[in-house]
Amino acid sequence: MTQPPTGVRRSYGVKAAPYGFLLPAAVLFALFFALPIGYAIWLSFHRIEVKGLGLGKGAKTEVWAGLANYTAALTDSELGHSALRILGYGSIVVPVMLGLALLFALLLDSEQVRARSFARLAIFLPYAVPGVIAALLWGFLYLPDVSPFHHLLKTLGLPQPDLMDGGPLYLAMSNIAVWGGTGFNMIVIYTSLRSLPVEVYEAARLDGCSQLQIALRIKIPMVAPSLVLTFFFSIIATLQVFNEPTTLRPLTNGIPTTWSPLMKVYNDAFVGGNIHAASATAVVLALATFMLSFALLKVSNRRTKQGATR
């Protein structure tokens, strides 16, 4: 039997090498990402049918439900209320967090700032604190009985607001998200600022521009892609909020079990035992997140192209 030329074998091995390197990542992606998503979609189209009292073997069977779970999810008033809560929560978190991140990034990029490395680390450090620990930390600072701030206000004879109930609850949870997420967004924007050419700043100074004018007319427009990126990250993180309200819930009666959409999914799946309805709700949330991100990205790209053609 004739053997193929050595050059052919070597050429085939070189062409197949990239696929071999990608194979472990592809297998992990399929097992831990694609397969769970597919299973969740499959569950969302089924339901449990109970026969009789639901006792004994075969009394509960999984049957095809069609779009019934999706219809129930879209008409669920609790899911609508949780979406409205997240809308109010996000209207506070996103602009405040990105505004502070941009401000800190511009200040750190200034030549007049001292101890820049320490300030950058101090601003970024809260992001390294796990969300559950951060929620517990701030939760006990909010509680009137143990909070040193409440004790100080009481000593001074000032009113002591209850941040764990009513409208102030949104501010309390927003503060936790802003405290933990500002550092990450600041690093993204600051890295983009450091990559800008120095010649642009020097030319602006020769033209008589002040530091404020350079920041408003040069730095912010040139880091617009980073601002868009951090905006998308913040929107997705807001839609997926779960740790803060779940951790704070044992400390107050003002947070229901369905405060956020993900809490609603968790409550349906692991408290109510209806994993099929929870899967349908999760798919609806995933599609809503994707559609919102896609729409915002299209609008952002359109404005970027319009600005480039001017």
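Up top is the structure.
What you see is a predicted model; the values in this text were computed from it and never measured.

A. Examining the overall build of the protein chain more closely. Per the secondary structure count, the protein chain includes 13 helices and two strands. Radius of gyration (C-alpha) of the protein chain: 26 Å, far over the 19 Å computed for a compact globule of 310 residues. Buried residues in the protein chain amount to 32% of all 310 residues. Looking at the protein chain alone, contacts between residues at least 24 apart form 63% of all its contacts between residues at least 6 apart.

B. A look at the environment of valine 223. Checked against the element boundaries, valine 223 lands in the loop between α9 (211-222) and α10 (224-239). When the C-alpha atoms of valine 223 and serine 195 are compared, they prove to be 9.6 Å apart, with 28 residues separating the residues in sequence. Each residue touching valine 223, except ones within four places of it in the same chain, is listed here: Ile189, Ser192, Leu193 and Leu196.

C. Local environment of the layout of surface pockets. Considered as a void within the structure, the largest pocket measures approximately 930 Å³ in volume. As for the largest pocket, its lining consists of 36 residues, and the residues nearest its centre are Ala282, Val284, Leu285, Ala286 and Thr289. Among the elements of the structure, α1 (6-44), α3 (77-108), α10, α12 (261-271) and α13 (275-309) are those that each provide at least two residues to the lining of the largest pocket. With 11 residues, α13 is the largest single contributor of residues to the lining of the largest pocket. Among the residues forming the lining of the largest pocket, the class breakdown is 29 nonpolar, seven polar and no charged. Computed from the structure, the second largest pocket encloses a volume of approximately 560 Å³. Lining of the second largest pocket is provided by 25 residues; of these, Tyr127, Ala177, Gly181, Ala237 and Glu244 occupy positions nearest its centre. Looking at the lining of the second largest pocket, the elements with two or more residues in it are α3, α5 (131-142), α7 (168-194), α10 and α11 (243-248). Looking at side-chain class alone, the lining of the second largest pocket contains 16 nonpolar, eight polar and one charged residues.

D. Examining the pattern of salt bridges more closely. Within this structure, the stated rule accounts for five salt bridges. Notably, a salt bridge pairs glutamate 49 with arginine 47, separated by 3.8 Å at the nearest N-O pair. Classification of glutamate 49 by relative accessible area gives partly exposed; the value is 30%. The partly exposed category is assigned to arginine 47, whose relative accessible area is 36%. What you see here is one network of salt bridges that share partners, running through Asp76, Lys264 and Asp268.

E. Seen up close, the side chain of threonine 182. With respect to the helices and strands, the residue threonine 182 is situated in helix α7. A polar atom in the side chain of threonine 182 sits 2.5 Å from the backbone oxygen of valine 178. Here threonine 182 is in contact with Met97, Leu100, Ala101 and Phe104, once residues within four sequence places are set aside.

F. Spotlight on the packing of aromatic side chains. Under the defined criterion, the tally for this structure stands at 15 aromatic pairs. Ring plane angle 85 degrees and centroid distance 6.0 Å describe the contact between tyrosine 89 and tryptophan 259, whose orientation is recorded as edge-to-face. Of this pair, tyrosine 89 sits in helix α3 while tryptophan 259 sits in the loop between α11 and α12, placing them 170 residues apart in sequence. For the pair tyrosine 89 and tryptophan 259, one class covers both residues: buried. Geometrically, the ring pair formed by tryptophan 138 and tryptophan 179 is edge-to-face, given 5.9 Å between the ring centres and 75 degrees between the ring planes. Remark: tryptophan 179 occurs in helix α7 and tryptophan 138 occurs in helix α5; sequence separation between them is 41 residues. A relative accessible area of 27% places tryptophan 179 in the partly exposed class. Ring pairing ties together the aromatic residues Phe124, Tyr127, Phe184 and Phe233, which thus form one cluster. Lysine 219 extends its terminal NZ or CZ atom over the ring of tyrosine 201, reaching a point 5.1 Å from the ring centre.

G. Structural context of the packing of α7 against α10. For the pair α7 and α10, the least separation of the axes is 9 Å and the interaxial angle reads 165 degrees. Our classification of the angle between α7 and α10 gives roughly antiparallel. Crossing of α7 over α10 shows right-handed handedness. Within the contact between the two elements, α7 uses Phe184, Asn185, Val188, Ile189 and Ser192 and α10 uses Ser226, Leu227, Leu229, Thr230, Phe233 and Ser234. Its residues assigned to classes, the contact of α7 with α10 comprises six nonpolar, five polar and no charged.

Quick notes on the rules
- Here the residue numbers are simple positions, counted from 1 along each chain's written sequence.
- The predicted nature of this model means local features are confined to residues of pLDDT at least 70 and side-chain atom pairs, given and counted, to a pLDDT of 80 or more, with totals for whole chains, interfaces and linings taken over all residues.
- Each side-chain value is derived from all of the structure's non-hydrogen atoms; neither hydrogens nor water enter the calculation.
- Counting from the N terminus, the helices are the DSSP runs of H or I reaching at least four residues and the strands are the DSSP runs of E reaching at least two.
- Atoms counted for the radius of gyration: C-alpha only. Globule rule: 2.2 Å times the number of residues to the power 0.38.
- The buried label goes to any residue with under 20% of its type's maximum accessible area, the exposed label to any with over 50%, and the partly exposed label to all in between, with areas taken from a 1.4 Å probe on protein chains only.
- The criterion used for residue contact is that any of the two residues' heavy atoms lie within 4.5 Å.
- Cavity: a set of points on a 1 Å grid over the protein atoms alone where a 1.4 Å probe fits but cannot get out. Pocket: an open set with protein on both sides within 12 Å along at least five of seven lines, its lining residues, like those of a cavity, having an atom within 4 Å of a point.
- Grid points are joined across faces, edges and corners, and a volume is the space filled by probe spheres set on the points.
- Amino acid classes used here: Ala, Val, Leu, Ile, Met, Phe, Trp, Tyr, Cys and Pro are nonpolar; Asp, Glu, Lys and Arg are charged; the rest, including Gly, are polar.
- Think of a salt bridge as a Lys or Arg side-chain nitrogen and an Asp or Glu carboxyl oxygen that are within 4 Å of each other.
- Side-chain atoms alone can form a polar contact between residues adjacent in sequence; in general such a contact is a pair of N or O atoms within 3.5 Å, and within protein one must be able to donate a hydrogen while the other accepts it.
- The criterion for an aromatic pair is that two Phe, Tyr or Trp rings (for Trp, the six-membered ring) have centres within 6.5 Å, with stacked assigned to planes under 30 degrees apart, edge-to-face to planes over 60 apart and tilted to the rest.
- The rule for a charge over a ring is simple: NZ of Lys or CZ of Arg within 6 Å of the ring centre, and within 35 degrees of the ring normal.
- Geometry is summarised by axes, namely lines fitted to C-alpha atoms with helices restricted to the contacting stretch, and by angles between N-to-C directions that run from 0 to 180 degrees.
- Any angle from 65 to 115 degrees is called roughly perpendicular, while one under 35 is roughly parallel, one over 145 is roughly antiparallel, and all others are oblique.
- A clockwise turn of the near helix away from the far one marks a right-handed crossing, whereas an anticlockwise turn of less than a right angle marks a left-handed crossing.

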